[in-house]
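The lines below spell out each chain.
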Amino acid sequence: PKAMAVVAVEGGTPCLSYAVNVSSVTDIGAGTVRVNFDRNFSSTNYVVSVVPTGNAHADFINQLADSIDIETRETTLGGLTDNISFQIIAFGDN
């Protein structure tokens with residue numbers, strides 16, 4: 001399958017602005033959002049790209065077949081930070 005989403009984070013709370021094959025997003029800690037897929041990938045071997053907004057950096061961690069966790073950081077401070085929106089796209093086998 002494929003999955004894509006625009007995730008807006010305001011006041012530390014993530015919400016979906018646009019989604020394809022993404023059922024929900026969950027705040028799981030400071031600067032960390034879980035993106036949950038509607039249809040699972042067949043394994044953890046799928047391609048992911050995450051693009052944060054503004055002066056920020058985003059990494060994906062805990063890449064599972066049914067979800068992926070995204071960590072966001074302000075570039076200048078370096079620590080995990082809420083309130084950074086991002087876009088994600090993923091491609092793989094189903």
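Residues numbered from 1 in each chain as written. Predicted model: local features only at pLDDT ≥ 70, side-chain atom pairs only at ≥ 80, totals over all residues. Heavy atoms only, no water.

## Things to note about the nonpolar core
Alright, step 1. Within the largest apolar cluster, 19 residues are counted, with the highest numbers of intra-cluster contacts made by Val-35, Phe-37, Ile-68, Ile-70, Phe-86 and Ile-88.
Alright, step 2. Breaking this core down by element, the ones donating at least two residues are strand E1 (2-10), strand E3 (22-29), strand E4 (32-37), strand E5 (47-52), strand E7 (67-74) and strand E8 (86-91).
Alright, step 3. Here this core takes 4 residues from E1, the largest share from any one element.
Alright, step 4. Contact partners of Ile-88, with chain neighbours within four places excluded, come to Ala-3, Met-4, Ala-5, Val-48, Ser-49, Val-50, Ile-68 and Ile-70. (Core = buried A, V, L, I, M, F, W, Y, C linked by side-chain atoms within 4.5 Å. Buried < 20%, exposed > 50% of the residue type's maximum accessible area, 1.4 Å probe, protein only. Helix = DSSP H or I, 4+ residues; strand = E, 2+ residues; numbered from the N terminus. Contact = heavy atoms within 4.5 Å.)

## Details of the sheet that holds strand E2 (residues 13-20)
Alright, step 1. Spatial ordering of the open sheet is given by E2-E1-E8-E5, a layout of 4 strands whose pairing is antiparallel. Each edge of the sheet is formed by a strand with only one pairing partner; in this case those strands are E2 and E5. Neighbour to neighbour, the strand axes of the sheet diverge by 20° on average, direction disregarded.
Alright, step 2. Note: E1 against E2, 7 bridges, orientation antiparallel. In the sheet register, Ala-5 faces E2, and the bridge partner there is Ala-19. (Pairing = 2+ DSSP bridges. Axes fitted to C-alpha atoms, helices over the stretch in contact; angles between N-to-C directions.)

## Observations concerning the pairing of E4
Alright, step 1. Most of E4 is tucked away: 5 of the 6 residues are buried.
Alright, step 2. Sheet analysis places E3 next to E4, joined by 6 bridges and oriented antiparallel. Note on E4: the bridge partner recorded for Ser-24 is Asn-36.
Alright, step 3. The hairpin formed by E3 and E4 contains 2 residues between the paired strands, and Gly-31 there has a positive phi angle of roughly 70°.
Alright, step 4. Here E4 pairs with E7 via 5 bridges, running antiparallel. Directly across from Arg-34, in E7, lies its bridge partner Asp-69.

These figures capture arrangement, not role.
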